[in-house]
There are 2 protein chains.
Amino acid sequence: MASTPPSHGQPHRTPPQQHGHPHVHPVPRHPRLDPLADRYAARTHGMKSSEIRALFSVVSRPEVVSLAGGMPAVTALPLDAVGSMIGELVSGMGAQTLQYGSGQGDPRLRERICDVMALEGITDASPSDVVVTVGSQQGLDLVTRVFVDPGDVVLAEGPSYVGALGVFQAAEARVRHVPMDDDGLIPEALEQVLLECRANGDRVKFLYTVPNYHNPAGVTLSEPRRQAIVDIADRYDLLVIEDNPYGLLGFDHEPHRALRARNAQRVVYLGSFSKTFSPGLRVGWVLAPLAVREKLVLATEAQVLCPPSLTQYAVARYLDTQPWREQIKLFTELYRERRDATLESLDALMPPGTTWTRPDGGFYVWLKLPHGLDSKLMQPRAVGAHVAYVPGIGFYADGSGREYMRLSYCYPEPDQIREGVRRLARVIEVELDLHSTFDAVDTGTFRAVGRPGTAPGTIVGPASSDRIEDTHP
Amino acid sequence: MASTPPSHGQPHRTPPQQHGHPHVHPVPRHPRLDPLADRYAARTHGMKSSEIRALFSVVSRPEVVSLAGGMPAVTALPLDAVGSMIGELVSGMGAQTLQYGSGQGDPRLRERICDVMALEGITDASPSDVVVTVGSQQGLDLVTRVFVDPGDVVLAEGPSYVGALGVFQAAEARVRHVPMDDDGLIPEALEQVLLECRANGDRVKFLYTVPNYHNPAGVTLSEPRRQAIVDIADRYDLLVIEDNPYGLLGFDHEPHRALRARNAQRVVYLGSFSKTFSPGLRVGWVLAPLAVREKLVLATEAQVLCPPSLTQYAVARYLDTQPWREQIKLFTELYRERRDATLESLDALMPPGTTWTRPDGGFYVWLKLPHGLDSKLMQPRAVGAHVAYVPGIGFYADGSGREYMRLSYCYPEPDQIREGVRRLARVIEVELDLHSTFDAVDTGTFRAVGRPGTAPGTIVGPASSDRIEDTHP
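Source: prediction; values computed, not measured.

Caption draft 1: Structural view of the overall build of chain A. The number of helices and strands found in chain A is 13 helices and 15 strands. Partitioning the contacts of chain A with sequence separation of at least 6, the portion at a separation of at least 24 is 77%. For chain A, the exposed area adds up to about 18200 Å²; of that, 52% sits on carbon and sulfur atoms.

Right, here's the structure in full:
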C-alpha cells in the first residue's frame, strides 16, 4: 500500500484507517460510496445533469466556437449608465435595496411589469396579480410545485425547453410531448393527446408552452393557432403555462398577442428580464389568477423568503429611467444579424439531407441531421473540430431527438458564427462519409423542415415525440 | 339586483352574466370560488401564511413600535462605499456580473465563503463543497427537497425558525420538536425522541438546528452539548442540518465552534450573508459532503438555474475590499446596545410571572407570558397600543406556543425599544387584570426562564413541544 506523500509544511498524518485496525466509527472501505444513499427523496432519482451543463467546460475554451449556450449579448447594454444607476440605488436607497422585501416582490417593479406585458396585449393585469421570481425558472418551479403531484401528466411541446424538463422531472411528473411544426404547437395534436389522456385516466395538470421563438425549435405559434389553443383549453378544462422570455425579440413583427391576453383565467404567464435586460439579475415573474397567485406567494416564501431587493430595484429603475424599448430594438437588430449569418452559412455549407428551422426572433435554430446520424454520438468529433452545440436528446423527456441539435446564435459574433457553421458542416460531412461506408444513407425517410423551398407545416419533432415517458420511478 | 356604477370615463358595460342568459363559457355564480381548487398539488395543503407575514401591514405603520421583524440594521453599512463598489462591478465587469453564472455559484465567492467559515473552526472546507444559494432559505429548501419525501420525519427545536417550518410543511414532512433550555437543544431529549422514532418506524431524515443565538429562542448551544449532539448523530446515524445565520453576531465571545467543524460527514452547514452584510442581496450557501452537494446543484439548477451573478460578485468584492470583520463588530455593538435596552426594560417593567431568555448574541428574546395569557389573542390589543411582536404559535408545527412571543431588538433604536417594552408591559398588565377578573391566575405552574436570579437550565418550550404533529394530509 503506497503511503500518501506528506503535505508541504504539514506533519505526515497517519491514514485514518488501516486494514485490521478496529475503529469505533469505521471509514467506509469505498469512500466514493455515498453513506447517505438510502435516504434521499424519491424526487432525486429524476434529477440529472442537463446536456447543456455537460458542455460548460468545453464552451469556455477560447478555441471553441460555441453555438451551445443561450447567453444574451449583455455587453450591448450601456454598462456605464447601468452601473451608475445601480450604484446610486445602493448609496441613496440602501435602507430599501439592501433590506428584505416582500415575498411577492417590489410593488413598483410589479407596476412596471404590467407596462411590459401590455406590449403583448395583456392590458388587464394588475400588479397584485404579479409575483416576482428569481428568473422565470423559479416561476416555472413554483407553478409546478403548486400543481404537480408525482405521477401527474404535464404536456409540453416536443422538443421542449431543457430547464422546464428539469423542473418536471424533479416534481416526478410524467411529461407527454405534443408535436410542433413551423407554425408551432399543432392544435389537432394537442386535442388528440388530451383525448388519449382522458381515456387513460391521466391527471393532466397543465400544458407548458413557449409560443414565441421557441427554445430550442426556433418556431412561433401562428395567430390562428393561438385562438385554437385557447379554445381547446376552454373545451378541455386545460390550464396553460405560457413561458415567454423571447416575446419582445421578434425581428420582423410587432410582438405577438399573448395567449394570456386571450384568456385570463386559464393561462398562467411567465415573463423574464433575462433576455430584454440582464440574466445576471435573475428577475422574472408570474402573472396568475388570484387563487393561484396566493399559493405562488406562499411557495416562494418557503423557497427564498423574497427575491433579492437590489436586483428588483435595478430593473424597476432601469425601466423608469433608461431607454429600454430602444435597447430591445438594438438587441433584436444584433440578433437578427446573427440569425442571418447563421441561416446564410447553413444554406451555403450544410450537406444535403440536413434541415433546419428559420426563426424570425429569439436565439435558436433547430437543426436535423441527415438520416442515420446521431448528434450526441457526433459531439466529441464536433468538439474536436472546435465547435459546440446542444444535442437534441436534452430537449425530450423520452430519449428521442438524437438526430437533432440546437444551434444558438445569440452570443457569438457573425464571423464566429460563420466559422462555427463551417466547422460543423465539415463534421457532418465527415460523419456522412463514415456512415455511408457502412450503410446506405436514406435521405428520403425524414420530413424536411425549413430548407429553402420546402413546404411549411411539416413536423419539427421526431415521429416518436408523442410517446409518453413515465419519469415517475 | 343593484347595477354596477359606471367606471369614470368608460362606457357602462353590461355585466358579463345575467340570470337566465345562456352562455358558452359561463362565469361561475360565486366568482370567489377557485375553479382550479380540485387540481392543486397535495403539498399546497400544508402551505399557510406565516405569523410574521400577517404582521407586515401593521409593522409598517409609523406609530407602531415593531418588535416583530427580523430586519438587520443595514443603514449601519458604509452605503456610499458599497454603492460605488457595486456600480463599478457593473460598469467594469458587466460581461460577468450581468450574465448567467454557474448553478453552484461563483468560484471566487465560494473561496471567500471558506474564509468566513474558518472563523467558526471549519478549516477543511473546499470551495468545491460549497453551493451558493438565494439566501440560506433556499439552501434549506434544497436540502429538504433532496432528502424529504412526504411523511418523513424532521426533528427541529421547539420553538423553531418559522421559515424552516414553512419549508418542512411544503415538503409534507412531519415535524417533531425537541425541547431546549438556556443551553440550547437538550441532548437527552434528542436521544429520547430518536428512540421513540425508531420504535415507531419513523423515517427521520435529519435534525434541523440553529445552534447560535437561536431564532426565536435567543439561546445558544453550550460547548459540551455540541459534542454530545455530534456523538448522538454518529450513534444514531443522524444527519444534522446546522443553520447558522447569526454565528458571527456574538456579543461577548469569539465565535462558537460549528457542529460542522466537529463532523464533516454528518453535518450539512447553512450560512448566510443576510445578517453580516445585507439580506437584500439574498446570498447564502450550503456546505455539504460531495454526494449531497452534487444533488443540491442539480436541485438548484432546476429551481433558479443559477443564483444572481451581480449579488454574488457584490459579496465577493465586499469581502475582498471592505473591512468586513470590523463591520461585523460594529453590527454586534449596535445589537448589544439594543439587547441591553430590551433586557433592562423587561427587567424594570414586566409584571411578575413574565419570563424571558437572555441572549448573548443575535436578534431575539423569547418571552413567556404569565400563566393563562395567550399572545395570539392578545395581539390585537397590543397593536391597538402600538406595539408589535410575533406570537409564539408561529414557531411550532403543532399549534403549541400560545403563551410565548418573540421580541426582536435588531431593528428599532434603543429608545423605541424602551417605549415598545413599556407599551407591551402595560398591555400584559391590562390582560392580567381582565384575566384575574374571570379566573385566578396561577403563576406557579410554568417553568421560569431567564428571569434574573432564576436557575439556568429550565425548559424554553412548552411541555407539549415534543408531540408529533402530522402535517401529512
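Caption draft 2: Here's a closer look at the interface of chain B and chain A. At the interface, 79 residues of chain B touch 79 residues of chain A. When chain B packs against chain A, the two sides together hide about 6800 Å² of surface, and 61% of this comes from carbon and sulfur. Per-residue buried area on chain B facing chain A is highest for R39, L98 and R145 of chain B; these three make up 11% of the total on that side. Connecting chain B to chain A are four salt bridges. Measuring nitrogen to oxygen at the nearest pair gives 2.7 Å for the salt bridge that ties D237 of chain B to R39 of chain A. The interface formed by chain B and chain A holds 34 residue pairs in polar contact (both at pLDDT 80 or more) in total. A total of 12 residues in the side of chain B that touches chain A trace back to one element, the largest contributor, which is helix 2 (residues 79-97) of chain B. A per-class count over the side of chain B that touches chain A returns 40 nonpolar, 23 polar and 16 charged.

Caption draft 3: Summary view of the pairing of strand 14 (residues 404-408) of chain A. Residues and elements named next belong to chain A. The buried fraction of strand 14 is high, at five of five residues. On strand 14, burial covers both faces: Y404, R406 and S408 on one face and M405 and L407 on the other are all buried. Bridge count for strand 11 (residues 364-368) against strand 14 is five bridges, and the pairing is antiparallel. Residue pairing across strands places Y364 opposite S408, the latter belonging to strand 14. Two elements, strand 13 (residues 390-391) and strand 14, share two bridges in a ladder whose sense is antiparallel. Bridging across to strand 14, V390 finds its partner in R406.

Caption draft 4: Region of interest: the sheet that holds strand 13 of chain A. Residue and element names in this part refer to chain A. Reading across from one edge, 10-11-14-13 is the order of the four strands in this open sheet, with antiparallel pairing throughout. In this open sheet, the two strands that pair with only one neighbour each are strand 10 (355-356) and strand 13. Along the sheet face, helix 11 (residues 324-349) touches strand 10, strand 11 and strand 14 and points at about 20 degrees away from the line of strand 11.

Caption draft 5: Region of interest: the pairing of strand 8 (residues 267-272) of chain A. Residues and elements named next belong to chain A. Strand 8 sits mainly inside the fold: six of its six residues count as buried. Neither face of strand 8 is exposed, since V267, Y269 and G271 on one face and V268, L270 and S272 on the opposite face are all buried. Pairing analysis gives four bridges linking strand 7 (residues 240-243) to strand 8, with the strands arranged parallel. By the bridge assignment for strand 8, V240 is matched with V267.

Caption draft 6: Spatial organisation of the relation of the copies chain B and chain A. Screw-axis analysis of chain B against chain A gives a translation of 0.0 Å along the axis, an RMSD of 0.0 Å, and a rotation angle of 180 degrees. What the rotation and shift describe, once combined, is the action of a two-fold rotation axis. Among all C-alpha atoms of chain B, that of G87 of chain B lies closest to the rotation axis, at 2.0 Å. In this assembly, 99% of the residues forming the interface of chain B have copies in chain A that are likewise at the interface, indicating an isologous arrangement.

Caption draft 7: Here's a closer look at the side chain of D360 of chain A. All names here are of chain A. Within the secondary structure, D360 is located in the loop between strand 10 and strand 11. Here D360 sits buried without a salt bridge, and the closest side chain of opposite charge, R339, lies 6.3 Å off (N-O distance). A polar atom in the side chain of D360 sits 3.4 Å from the side chain of H253. With residues up to four places along the chain from it excluded, the contact list for D360 reads Y213, T220, G250, F251, D252, H253 and R339.

Caption draft 8: Representation of the side chain of D243 of chain B in the model. All names here are of chain B. Counting through the fold element by element, D243 comes out in strand 7 (residues 240-243). This buried residue, D243, is left without a salt bridge; K275 holds the nearest opposite charge, at 7.9 Å. Excluding anything up to four places from it in sequence, D243 contacts S136, Y161, Y208, T209, V210, P211 and L270.

Caption draft 9: Main features of the nonpolar core. M117, F273 and Y335 of chain A together with M117, F273 and Y335 of chain B are the most contacted members of the largest nonpolar core, which has 146 residues in total. When near neighbours in sequence (up to four residues on either side) are disregarded, F273 of chain B contacts L109, I113, V116, S278, V283, W285, V315 and L319 of chain B. Judged by nonpolar contacts, the second largest core, of 50 residues, contains A217, L239, V297 and L298 of chain A.

Caption draft 10: Representation of the environment of I328 of chain B within the structure. All names here are of chain B. Residue placement: I328 occurs in helix 11 (residues 324-349). Judged by its relative accessible area of 8%, I328 is buried. Once residues lying within four places of it in the same chain are set aside, the contact partners of I328 are L248, L249 and T276.

Caption draft 11: Expanded view of the packing of aromatic side chains. Taken as a whole and judged by the stated rule, the model has 28 aromatic pairs over all chains. Pairwise contacts between aromatic rings join Y246, F331, Y335, F363 and Y364 of chain A into one cluster. One Lys or Arg, K295 of chain A, reaches over the ring of Y40 of chain B and ends 4.2 Å from the middle of that ring.

Caption draft 12: Looking closely at the environment of V134 of chain B. Counting through the fold element by element, V134 of chain B comes out in strand 2 (residues 130-134). Here V134 of chain B is in contact with V134, V304 and P308 of chain A together with R282, P307 and P308 of chain B, once residues within four sequence places are set aside.

Caption draft 13: Inspection of unusual backbone geometry at higher detail. Here the bond from G158 of chain B into P159 of chain B is cis, since omega is 5 degrees, no more than 30 degrees from zero. Inspection of the secondary structure puts P159 of chain B in the loop between strand 3 (153-158) and helix 5 (162-170). Here the bond from N215 of chain B into P216 of chain B is cis, since omega is 10 degrees, no more than 30 degrees from zero. Residue position: P216 of chain B is located in the loop between strand 6 (204-209) and helix 7 (223-235). At L305 of chain A, a position not held by glycine, the phi torsion is positive, near 65 degrees. Note that L305 of chain A resides in the loop between helix 9 (290-304) and helix 10 (309-321).

About the thresholds
- Residues numbered from 1 in each chain as written.
- Chains lettered and ligands numbered in written order.
- Predicted model: local features only at pLDDT ≥ 70, side-chain atom pairs only at ≥ 80, totals over all residues.
- Heavy atoms only, no water.
- Helix = DSSP H or I, 4+ residues; strand = E, 2+ residues; numbered from the N terminus.
- Contact = heavy atoms within 4.5 Å.
- Areas by Shrake-Rupley, 256 points an atom, 1.4 Å probe, with all protein chains shown as cover.
- Buried area = accessible area lost by both parts, 1.4 Å probe.
- Salt bridge = Lys/Arg side-chain N within 4 Å of Asp/Glu carboxyl O.
- Polar contact = N/O pair within 3.5 Å; in protein donor to acceptor, adjacent residues only side chain to side chain.
- Nonpolar A, V, L, I, M, F, W, Y, C, P; charged D, E, K, R; others polar.
- Buried < 20%, exposed > 50% of the residue type's maximum accessible area, 1.4 Å probe, protein only.
- Pairing = 2+ DSSP bridges.
- Axes fitted to C-alpha atoms, helices over the stretch in contact; angles between N-to-C directions.
- Least-squares fit on C-alpha atoms with pLDDT ≥ 70 in both.
- Lys, Arg positive; Asp, Glu negative; His and termini not counted.
- Core = buried A, V, L, I, M, F, W, Y, C linked by side-chain atoms within 4.5 Å.
- Phe/Tyr/Trp six-rings, centres within 6.5 Å; stacked < 30°, edge-to-face > 60°.
- Lys NZ or Arg CZ within 6 Å of the ring centre and 35° of its normal.

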